[in-house]
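For reference, the chains in residue letters:
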Amino acid sequence: MRDTVKNPTLRNNWTLSEVQALFELPFNDLLFQAQSIHRQHFDPNSVQLSTLLSIKTGACPEDCKYCPQSNRYDTGLTVEKLLAVEKVLVEAQHAKDSGATRFCMGAAWRSPKKKDMPYIVSMVQGVKALGLETCMTLGMLTSAQSKELNKAGLDYYNHNLDTSREYYGEVITTRTYDDRLDTLENVRQAGIKVCSGGIVGMGETQKDRAGLLVQLANLPTHPESVPINMLVRVEGTPLANEEILDSFDFIRTIAIARILMPESHVRLSAGREEMNEELHALAYFAGANSIFCGKKLLTTALPAADKDMALFDRLGIKKEALQVEQCDDQVEGQLLDQLQLIENDKHFYSAAN
Ligand code: SAM
Ligand code: DTB
Ligand code: SF4
């Protein structure tokens, strides 16, 4: 089964030097290897669509140097309190109508407080009842909070390691690398699927990019979803003037994520607004098979959805359909209806077949 990484032949003993050697391969050799592995595990012409919604925006006490939502940097962001559950559900319905199969809700928190949990639980239950997969990213989670969210029906939790352990302290000082690993462990133990990746283009070295991928691939179970974000350089953040990462180094990072975590969805995540169609196509060839699609990421822009769909058409890519094996009894009826609709939509590839 592709989405719960249970295959005992998958490796989680990668060494840094092995991964650095992959980064040193000639570009065509690396892409050939990544594409060959991709084809063994996925339909190469299918890409999963997720939609993001910021459910609580800005005024975050953390100091992540890349982030427009930290209260330490003046980025001109409009701060918003936790959205009402009804408002979230309206947005989730729009996302579903636009073809997304997963709805990701993000909050600018260090971690959720006790008073927030009932609202968060209602959001998960409501979005799930619409027949969408649910994902949240709320900062650090305790074991008890993870269990509560699993019970509510949360499918995925996004919590990024962001960079290598060595470079991490250059970017964030208000929580440790081990805090992040603890949250990933709590989420995994609670039975929620893990979405974890990082950001490139923050001034890190190639060794740091290799170090990040080694950390992710050597987790006891690979994250089911691995977002690779290109830094969005937001005015007012300390990284606003960071040098842009070479496009081919970005593609190499995606290709190596694919090689190391063959059964995971690798997401071409933030930064797409500044990537042209050719770079998108290369990322899909390197093994990226998921994107955020919709009006925006959390606070920054995304390419227009019709632009993404036009490129899918030109490349013969189809949207990945929701996998029936992931649903629970409550939403099965709605899913079957959805699958019926999907059969009539030429953009969809059914991963259930
Ligand atoms: N506050 C929670 C946390 O940090 O765990 C959840 C929301 S936070 C915005 C989610 C992720 O977005 C971060 O871990 C980071 O990887 C990514 N992110 C934030 N700002 C970004 C930027 N400017 N460019 C690329 N990725 C970014
Ligand atoms: C992830 O890895 N990238 C998304 C999602 N997980 C939450 C967030 C990207 C945020 C980019 C900056 C912004 O829009 O605020
Ligand atoms: Fe806060 Fe998350 Fe942004 Fe860090 S990445 S400042 S924790 S919202």
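Residues numbered from 1 in each chain as written. Chains lettered and ligands numbered in written order. Predicted model: local features only at pLDDT ≥ 70, side-chain atom pairs only at ≥ 80, totals over all residues. Heavy atoms only, no water.

## Considerations on the packing of helix H2 (residues 27–41) against helix H10 (residues 277–286)
So, point 1. Interhelical geometry of H2 versus H10 gives an angle of 60° and a closest axis separation of 8 Å. The orientation of H2 relative to H10 falls into the category oblique. Residue-level contacts link Phe27, Leu31, Ala34 and Gln35 of H2 to Leu282, Tyr284, Phe285 and Ala286 of H10.
So, point 2. Looking at side-chain class alone, the contact of H2 with H10 contains 7 nonpolar, 1 polar and no charged residues. (Axes fitted to C-alpha atoms, helices over the stretch in contact; angles between N-to-C directions. Helix = DSSP H or I, 4+ residues; strand = E, 2+ residues; numbered from the N terminus. Parallel < 35°, antiparallel > 145°, perpendicular 65-115°, else oblique. Contact = heavy atoms within 4.5 Å. Nonpolar A, V, L, I, M, F, W, Y, C, P; charged D, E, K, R; others polar.)

## A word on the site of ligand 3
So, point 1. Around ligand 3, the structure places Cys60, Glu62, Cys64, Tyr66, Cys67, Ser70, Ala108, Trp109 and Arg175.
So, point 2. Tallied by class, the residues present in the shell around ligand 3 amount to 6 nonpolar, 1 polar and 2 charged. (Near = heavy atom within 4 Å.)

## Looking at the packing of aromatic side chains
Given two aromatic rings, their pairing is described by the distance between the two centres and the angle made by the two planes.
So, point 1. Across all of its chains, the model carries 3 aromatic pairs by this definition.
So, point 2. With centroids separated by 5.3 Å and ring planes inclined at 70°, the aromatic side chains of Phe27 and Phe248 adopt a geometry described as edge-to-face. Within this pair, whereas Phe27 is found in helix H2, its partner Phe248 is found in helix H9 (residues 247–260), the two being separated by 221 residues in sequence.
So, point 3. Look at Phe248 and you get partly exposed, because its relative accessible area is 43%. (Phe/Tyr/Trp six-rings, centres within 6.5 Å; stacked < 30°, edge-to-face > 60°. Buried < 20%, exposed > 50% of the residue type's maximum accessible area, 1.4 Å probe, protein only.)

## A word on the site of ligand 2
So, point 1. Among the 13 residues in the neighbourhood of ligand 2, the closest are listed as Asn158, Asn160, Asn229, Thr299 and Thr300.
So, point 2. Here a nitrogen atom of ligand 2 and a side-chain polar atom of Asn158 are 3.0 Å apart.
So, point 3. Thr300 is positioned such that a nitrogen or oxygen atom in its side chain is 2.8 Å from an oxygen atom of ligand 2.
So, point 4. For ligand 2, whose accessible area on its own is 410 Å², the fraction buried by protein is 88%.
So, point 5. Considering only residue class, the shell around ligand 2 consists of 6 nonpolar, 7 polar and no charged. (Polar contact = N/O pair within 3.5 Å; in protein donor to acceptor, adjacent residues only side chain to side chain. Areas by Shrake-Rupley, 256 points an atom, 1.4 Å probe, with all protein chains shown as cover.)

## Points about the packing of H2 against H9
So, point 1. Following both chains from N to C, one finds H2 and H9 inclined at 35°, their axes separated by 9 Å at the closest point. The handedness of the crossing between H2 and H9 is left-handed. Judged by residue contacts, Phe27, Leu30, Leu31, Gln33, Ala34, Ile37 and His38 of H2 engage Phe248, Ile251, Arg252, Ala255, Ile256, Arg258 and Ile259 from H9.
So, point 2. Residue composition of the contact of H2 with H9, by class: 10 nonpolar, 2 polar and 2 charged. (Left-handed = near helix turned anticlockwise from the far one by under 90°.)

## Thoughts on the pattern of salt bridges
So, point 1. All told, the structure shown has 14 salt bridges when counted by the stated rule.
So, point 2. One salt bridge connects Arg11 with Glu18, and the closest N-O pair in it is separated by 2.9 Å.
So, point 3. Counted as one network, the salt bridges with shared partners bring together Glu62, Arg110 and Arg175. (Salt bridge = Lys/Arg side-chain N within 4 Å of Asp/Glu carboxyl O.)

## Some remarks on the nonpolar core
So, point 1. Counting residues in hydrophobic clusters, the biggest one holds 91 residues, and the most contacted among them are Ile55, Tyr66, Met136, Leu149, Phe250 and Leu260.
So, point 2. At 8 residues, the largest contribution of residues to this core is made by H9.
So, point 3. The contacts of Leu149, once residues within four sequence positions are left out, are Met117, Ile120, Val121, Val124, Leu138, Leu141, Leu154 and Ile192. (Core = buried A, V, L, I, M, F, W, Y, C linked by side-chain atoms within 4.5 Å.)

## A few points about the pairing of strand S3 (residues 133–137)
So, point 1. Within S3, 5 of the 5 residues are buried, which leaves the element mostly enclosed by the surrounding structure.
So, point 2. A two-sided burial pattern is seen for S3, the buried positions comprising Glu133, Cys135 and Thr137 on one face and Thr134 and Met136 on the other.
So, point 3. As paired elements, strand S2 (residues 102–107) and S3 share 5 bridges and run parallel to each other. Paired with Gly106 across the bridge in S3 is Thr137.
So, point 4. Traced from S2 through helix H4 (residues 117–129) to S3, the parallel crossover comes out right-handed.
So, point 5. As paired strands, S3 and strand S4 (residues 156–158) are joined by 2 bridges and run parallel to one another. Within the sheet, the bridge partner assigned to Cys135 lies in S4 and is Tyr156. (Pairing = 2+ DSSP bridges. Right-handed = clockwise from strand over helix to strand, strands pointing away.)

Coordinates in, geometry out; function isn't part of it.
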